[in-house]
Each structure stands twice: as C-alpha cells, then as structure tokens.
Amino acid sequence: MLLPMFGSHLSIAGGMVNALVAARDLGLDCVQVFTKNQQQWAAPDLKDEEIAAWRRALVEMGWAMDKPGNAAARRDEAPARVVSHASYLANLASPDDTLRNRSIAMMVVELNRCHQLGIPLLVFHPGSATDSDPIAGERRIVYACAELLAQTAGHRTVLCLENVVGAGSTIGREFEQLARMREQIIALARGGNERVGFCLDTCHMHAGGYDLSTVESATRTLEHAENTLGLVNVRCLHVNDSKGPVGSRLDRHAHIGEGTIGMQGFGPWVTSPQLRSVPKIMETPKGEGPGGVDCDTVNVARLRASSRGEPVTITPLATPQTAKSQSRNPKKVPVS
Ligand SMILES: [Zn+2]
Ligand SMILES: [Zn+2]
C-alpha cells in the first residue's frame, strides 16, 4: 500500500531538473515547482535539453506519469509526483480587460510548460475582484478557466483552484465558492471535469476561518471539504502551519507544529485514506535549524510521524538562528 506522499516547494535555480535532484536528496515523495520566474510575465521557452534532462530524471526516479485515466484510478495507480504553482501575477478575476487577457495568455504558457514537462497538476490562486462586484469576479474566473481548457484541448494537466485566506477582495476562501466555480467551468467547457480540481492549503483554511487547531475541528473541516468539494477532486494539499490565528486572514506560513494549527490539526488530513495518494506539499520557511539540519527534513519528519499516528516532540526551528540564516538569502521569495 502506498504511504502518504509528502514533498516541498523547491527551487529551479540553475535548471528545472535541480528541483528533482533536491527532492530525491531530501528523500521526498513529491515536489512543487515554478516552471518560470513567478515574478515576471514573460519567460524564455524551455530548451529541448532542459526538457530532456527533466524527463530523464522523472523516469529514473519512477515519477514519470504517462497513463491517462479517471481521477480516482489515476491517483492510486500513478499518483501525481510533481505539481506546478502558477505565477502570482495572474489575476483571472480582474475587471481590467488588458490585465485579465494578459493573465489568460500567461496561464496558457504555464499550461504549455506543464504539458512539455509532463506535470499533471497546475495550482493557481483563483484571483481578486479588486474594486468590482465579487460575483462578477467569480464569473470572470469561470470563463477564463473554460478558455484555458479550450486553448489546451488534448492536454492532461489539471487546473487546481487553490483556497485562499480571503484577504481583501480575493476569491476562493469558501469551499462552497470553489465548488461552484468548478461546476460552472465544467458546464461551460462541456466536460473537462477530469481537468479541474482543487488544492487545499491548511494555513489558508485556518487563517481563512476553518479552524484546524484541534483534532475535532480539523475533522469537521475535512468532512466539510468532502461534502462540498468532494475529496476525490482535491488533487493537492499544501501543508503549512499558520502564523496568524484562526480567521485572521493572514497568509503567513509557519513550520509544521509551530504555528496556530499545531500537530493535532494536521492529523486528520495526513491520515485520511482518501488523501493518501495526494501530494502534500510544504511551503514552510526554508533554511537550517539548530545543528544545521535542513528545515524541510525536520518538517517532513514531523508530518510523517503524524501520518503514522506517532506523537511529535517539537524542538522549534523558528529560532533567531533560523531568522539569521534566512536573512543571508535575501533573494529567496516565500511561497504563498
Ligand atoms: Zn499554498
Ligand atoms: Zn499562503
């Protein structure tokens, strides 16, 4: 039986394949990457050598994914090992046509890169209505996604709407809203239900008002997700603890077990049989903890212990030493 799959968002600096090499060195089961600079609209085309090196590494690691199939079957037989996170610049809900069209064009590029690299999941933040009516914003996201599916017909990459904390006029905090958007996209695209799913972020749920701080409240939230979204449609989890308290709408990720969620709240999510073969990606702070150990190594060990039902003793990573080692890397951009 497949064990629960844990991974991390890793850097592609120096070449796409470096993220796979790092994932292997860290002993991870899956990985998330940006396939282009997430702070820029344009990206140079992927080079043939870069794609070949990436695909070779996927095969060597047993992570290549070429079998189509229905959502449930594919998850258990060949679980998704690689997730792409789209650039934060895109806003499919923008009332500004120029910005929205630019966002759609960039998302097509994101999907094309996933297609070239054999990446089965593309996670993105649905968007922000800015100063416009939120329902109109939601509709713009739906139409944009149907357009993306049409422009990439024949591709297999699944668009995963990620839940957000709901700061300002951002769309996608409530499960009901995410579920409604998915249904409408599928209706508009006349099918395509295999290519629209969700990514749930634990920090975003908690800071967005879905309490994950106890086993009971986290279980209730998991059941609510099953009843609204359907866990079969949850294709990816972002496992992050939260710096902000429940309902704070603060999108700040903390080390696993060191935030306002705590180890208890992760339990139901990392032990759920329905989510076992779903990639669980950490977007927790990078750097080294006491003794020079990689923070990802410590955080993933905590999650794995929790998934086995074992108690976890926390020696905090969030020490002044960690803060110092991070400040030596001013170029590192946190993933949200
Ligand atoms: Zn996330
Ligand atoms: Zn976040």
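Colleague: Tell me what's going on with the overall build of the chain, and back it up with residues and numbers.
Modeller: Per the secondary structure count, the chain includes 11 helices and 12 strands. Computed over its C-alpha atoms, the radius of gyration of the chain comes to 19 Å, within 12% of the 20 Å expected for a compact globule of 336 residues. Its C-alpha atoms give the chain principal-axis dimensions of roughly 50 × 45 × 40 Å. Counting all 336 residues of the chain, 53% fall into the buried class. For the chain, the proportion of contacts with a sequence separation of at least 24, taken over those separated by at least 6, is 75%. A total accessible area of about 14,400 Å² is found for the chain, and carbon and sulfur atoms account for 53% of it. Between the mean site of the 35 positive side-chain charges and the mean site of the 35 negative ones, the chain shows a separation of 3 Å.

Colleague: Describe the coordination of the zinc ion (ligand 1), naming the residues involved and giving the relevant values.
Modeller: Those donors, Glu162 (OE), Asp201 (OD), His238 (ND1) and Glu283 (OE), are the protein atoms that reach the zinc ion (ligand 1), and they lie 2.1 to 2.4 Å from it. Donor residues binding the zinc ion (ligand 1) come from one chain and are separated in sequence as E-x38-D-x36-H-x44-E. By relative accessible area, which is 0% here, Glu162 ends up buried. The exposure class of Glu283 is buried, given its relative accessible area of 4%.

Colleague: Explain the packing of aromatic side chains to me, using residue names and the numbers behind them.
Modeller: For the structure shown, the criterion picks out two aromatic pairs. Look at Phe34 and Tyr88: their rings are 5.9 Å apart centre to centre, the planes differ by 80°, and that puts the pair in the edge-to-face class. Separated by 54 residues along the polypeptide, Phe34 in the loop between strand 2 (30-33) and helix 2 (48-61) and Tyr88 in the loop between strand 3 (82-85) and helix 4 (97-117) bring together distant segments of the chain. On the basis of relative accessible area, Tyr88 is assigned to the partly exposed category, the value being 30%. Aromatic side chains Phe175 and Tyr210 sit 4.2 Å apart centroid to centroid with 10° between the ring planes, which places their arrangement in the stacked category. In this pair, Phe175 is assigned in helix 6 (residues 175-188) and Tyr210 in the loop between helix 7 (202-207) and helix 8 (215-228), connecting sequence segments 35 residues apart. The side chain of Lys280 reaches across the aromatic face of Phe6, ending 5.6 Å from its centre.

Parameters and conventions
Along each chain, residues carry numbers from 1 onward, in the same order as the chain's sequence is written. The order in which chains are written sets their letters, starting at A; the order in which ligands are written sets their numbers, starting at 1. Residue-level local features of this predicted model are given only where pLDDT is at least 70; pairs of side-chain atoms are given and counted only at 80 or more, and the full residue set underlies all totals for whole chains, interfaces and linings. Each side-chain value is derived from all of the structure's non-hydrogen atoms; neither hydrogens nor water enter the calculation. The numbering of helices and of strands both runs from the N terminus, where a helix is a DSSP run of H or I of at least 4 residues and a strand a run of E of at least 2. In this description the radius of gyration comes from C-alpha coordinates, and the expected globular size is given by 2.2 Å times residues to the power 0.38. In this scheme, a residue with accessible area under 20% of its type's maximum is buried, one over 50% is exposed, and one in between is partly exposed, where area comes from a 1.4 Å probe on protein chains only. Contacts: residue pairs with any heavy atoms within 4.5 Å of one another. Areas reported here follow the Shrake-Rupley algorithm with a probe of radius 1.4 Å; residue values treat only the protein chains shown as occluding. For the charge count, each Lys or Arg is scored as positive and each Asp or Glu as negative, with His and the chain ends excluded. By convention, charge coordinates are those of NZ in Lys, CZ in Arg, CG in Asp, or CD in Glu. Nitrogen, oxygen and sulfur within 2.8 Å of a metal are treated as its donors, or within 3.2 Å for sodium, potassium and calcium (Na, K, Ca); water is not counted, so a site can appear incomplete. Classification of ring pairs rests on two measures: the distance between centres of Phe, Tyr or Trp rings, Trp counted by its six-membered ring, which must be within 6.5 Å, and the angle between planes, read as stacked under 30 degrees, edge-to-face over 60 and tilted in between. We count a charge as sitting over a ring when the NZ of a lysine or the CZ of an arginine lies within 6 Å of the ring centre and within 35 degrees of the ring normal.

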